[in-house]
Amino acid sequence: MSIFLEDFAEYIRDNNGRIFSVAEIIGDNLPEKIEISENNGSQNVYSVSKMYTVTAIGVLWDRGLLKTEDTVTAILGDECPKDYEPYWDNTTIDMLIRHRTGFPGGFDTDIEDASQYNPDYLKGIMLKEWVCPPDTERHYEDAHYYILSRIVNKVSGKTLFQFCWENVFLPLSFKEAAWSCCPKGHAIGATGLYIRVEDMIKLGAVYLNGGEYRGKRIISSNWVETVLEREYEFKYNGIKDSYNKGGLYGQELLVIPCENRVIAWQGCDRRPQTPDFIKYAAEYEYK
């Protein structure tokens, strides 16, 4: 068992951390996992799901099937509802990933009662009047990633979930996965991905290793560079050279390149203020 995992588990318990399990990958090794409290094997990783959608877009980008400058309506074509908000014509994949649209909000399947939405999620999103033009303000919205989910489907002919199984989950030897879907069967894209922590961490290793995991190429090094340069969900946190992507209620995927390691954890902590586990994990020094 990793010394870090043992120390981190003790730190979590001492600080009343509501984390279920933690995994670590050092270099090209297999993941190691420690279970801190009894839990279901697979958990909703909430907004960490967005990194899997970003990766699916990257696979299509690598194959030359789309560009980040492509616009939503040019790709979706006749799938767009009549009388959609005209700003969608000037909204690119890059803007969606960076949350640079004027979408007014009101699409959050984690918090809202999804049964109250228009059953055609694409229509419900695209008909809403925007509050500002595209690429003028940042509005963090799950709707952006549902649109990306639909883009993956349109370009590949497979749902985002199917596409990820074939191009991400199976190559990374995932044990199991499920993804919350809209009534038409499209993965939400922004959230709702249920996976094990020892599988969740593997995506961090892909980005740590220039697009590969244990000799398997998942995405190109060019896409990795694009993601990190543009901070496509992964963001630098100011501790060493580390970057991370978090999810609601304490999910975390943390990459520390200077130490050649990745850490991930899952839990459920609804408190407004919680211990700074990212700081502890990123600053940890092996003795």
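Relevant structure appears above.
Cut-offs used in this document
Within any chain, residue numbers begin from 1 and follow the written order of that chain's sequence. Confidence filtering applies because this is a predicted model: local features only for residues at pLDDT of at least 70, side-chain atom pairs given and counted only at 80 or more, and all residues used for totals across whole chains, interfaces and linings. Only heavy atoms go into the side-chain values, all of them from the structure, while hydrogens and water stay out. Think of a patch as exposed residues, more than 30% relative accessible area, with no salt bridge, where like charges cluster within 9 Å and nonpolar side chains (Val, Leu, Ile, Met, Phe, Trp, Tyr) cluster within 5 Å. Accessible surface is estimated by sampling points in the Shrake-Rupley manner with a 1.4 Å probe; for residues, cover comes only from the protein chains shown. Within this document, salt bridges are pairs made up of a side-chain nitrogen of Lys or Arg and a carboxyl oxygen of Asp or Glu, the two lying within 4 Å of each other. Note on conventions: DSSP H or I runs of at least 4 residues are helices, E runs of at least 2 residues are strands, and numbering of each starts at the N terminus. Remark: exposure states derive from per-residue accessible area (1.4 Å probe, protein chains only) relative to the maximum for the residue type, with buried under 20%, exposed over 50%, and partly exposed in between. A strand pair is defined by DSSP finding two or more bridges across the two strands. Contacts described as polar in this section are N or O atom pairs within 3.5 Å, which, within protein, must combine one atom able to donate a hydrogen with one able to accept it, while residues neighboring in sequence count only if both atoms come from side chains. We call two residues contacting when some pair of their heavy atoms lies within 4.5 Å. The arc in question is the one spanned by the directions pointing from the helix axis to the C-beta atoms. Only buried residues count toward a nonpolar core. Its members are Ala, Val, Leu, Ile, Met, Phe, Trp, Tyr and Cys residues joined through side-chain atoms within 4.5 Å.

On to a nonpolar patch on the surface. A surface patch of nonpolar side chains, about 240 Å² in accessible area, is lined by Ile3, Ile26 and Tyr286. By the element assignment, tyrosine 286 lies in the segment after α10 (277-283). Among the residues examined, tyrosine 286 registers a relative accessible area of 34% and is labelled partly exposed.

This part covers the pairing of strand β11 (residues 261-267). Most of β11 sits out of view: seven of its seven residues are buried. Residues Arg261, Ile263, Trp265 and Gly267 of β11 are buried on one face, and the alternating residues Val262, Ala264 and Gln266, pointing to the opposite face, are buried as well. Pairing analysis gives seven bridges linking strand β1 (residues 19-26) to β11, with the strands arranged antiparallel. Bridging across to β11, glutamate 24 finds its partner in isoleucine 263. Pairing analysis gives five bridges linking strand β10 (residues 251-256) to β11, with the strands arranged antiparallel. For valine 255, the partnering residue across the bridge sits in β11 and is valine 262. Between β10 and β11, which pair antiparallel in sequence order, lie four residues; one of them, asparagine 260, sits at a positive phi of approximately 55°.

What follows concerns the sheet that holds strand β8 (residues 235-236). Taken together, six strands build an open sheet; the order of strands is β2-β1-β11-β10-β9-β8 and the sheet is antiparallel. Whereas interior strands pair on both sides, the edge strands pair on one side only; in this sheet they are β2 (32-35) and β8. The pairing of β8 with strand β9 (residues 243-247) spans two bridges and is classified as antiparallel. Bridge pairing in β9 places lysine 235 opposite asparagine 244.

Where burial is concerned, most of β9 is hidden: four out of the five residues are buried. Across five bridges, β9 lies against β10 in antiparallel orientation. What sits directly across from tyrosine 243, in β10, is valine 255. Taking the residues that link successive antiparallel strands as the turn, the β9-β10 hairpin has three residues, and the phi of tyrosine 249 there is positive, at about 65°.

So, about the side chain of asparagine 44. Relative to the elements of secondary structure, asparagine 44 occurs in strand β3 (residues 43-44). Taking relative accessible area as the criterion, asparagine 44 reaches 9% and is therefore assigned buried. In terms of polar contacts, asparagine 44 uses its side chain to reach the backbone amide nitrogen of tyrosine 46, at 2.8 Å. Engagement of the side chain of asparagine 44 in a polar contact is seen with the backbone nitrogen of glycine 192, the distance being 3.3 Å. Every residue in contact with asparagine 44, bar those within four places of it in the chain, is listed here: Asp110, Thr191, Gly192, Leu193, Tyr194 and Gln251.

For helix α7 (residues 160-169), the tally of buried residues reaches seven of 10 residues, placing the bulk of the element in the interior. If you check which residues of α7 are buried, you get Leu160, Phe161, Phe163, Cys164, Asn167, Val168 and Phe169. For α7, the buried positions fall inside an angular range of 155° around the axis, keeping them on one side. Its buried side turned inward, α7 meets α2 (49-62), α6 (142-156), β4 (178-179), β5 (193-195) and α8 (197-208).

Our focus in this paragraph is the nonpolar core. If you look at soluble globular proteins, the nonpolar side chains tend to sit buried side by side. Core analysis: the largest hydrophobic core is formed by 73 residues, its most contacted members being Tyr52, Ile147, Ile151, Phe169 and Tyr207. Among the elements that line this core, the one with the most residues is α8, at eight residues. When sequence neighbours within four positions are dropped, the list of residues in contact with phenylalanine 169 reads Tyr52, Phe161, Cys164, Phe174, Ala177, Trp179 and Leu193. Among the nonpolar cores identified, the runner-up in size contains 19 residues, and Val22, Ile36, Ile263 and Ile278 belong to it.

With that settled, consider the sheet that holds β5. Strand pairing in a sheet takes place through backbone hydrogen bonds and is either antiparallel or parallel in direction. Strand order in the open sheet formed by three strands is β3-β5-β4, and the pairing between neighbours is antiparallel. What marks the edges here is a single partner per strand, and that holds for β3 and β4. Pairing of β4 with β5 involves two bridges; the strand directions are antiparallel. Counterpart to tryptophan 179 in the pairing with β5 is leucine 193.

Interpretation in functional terms is not warranted from these geometric data alone.
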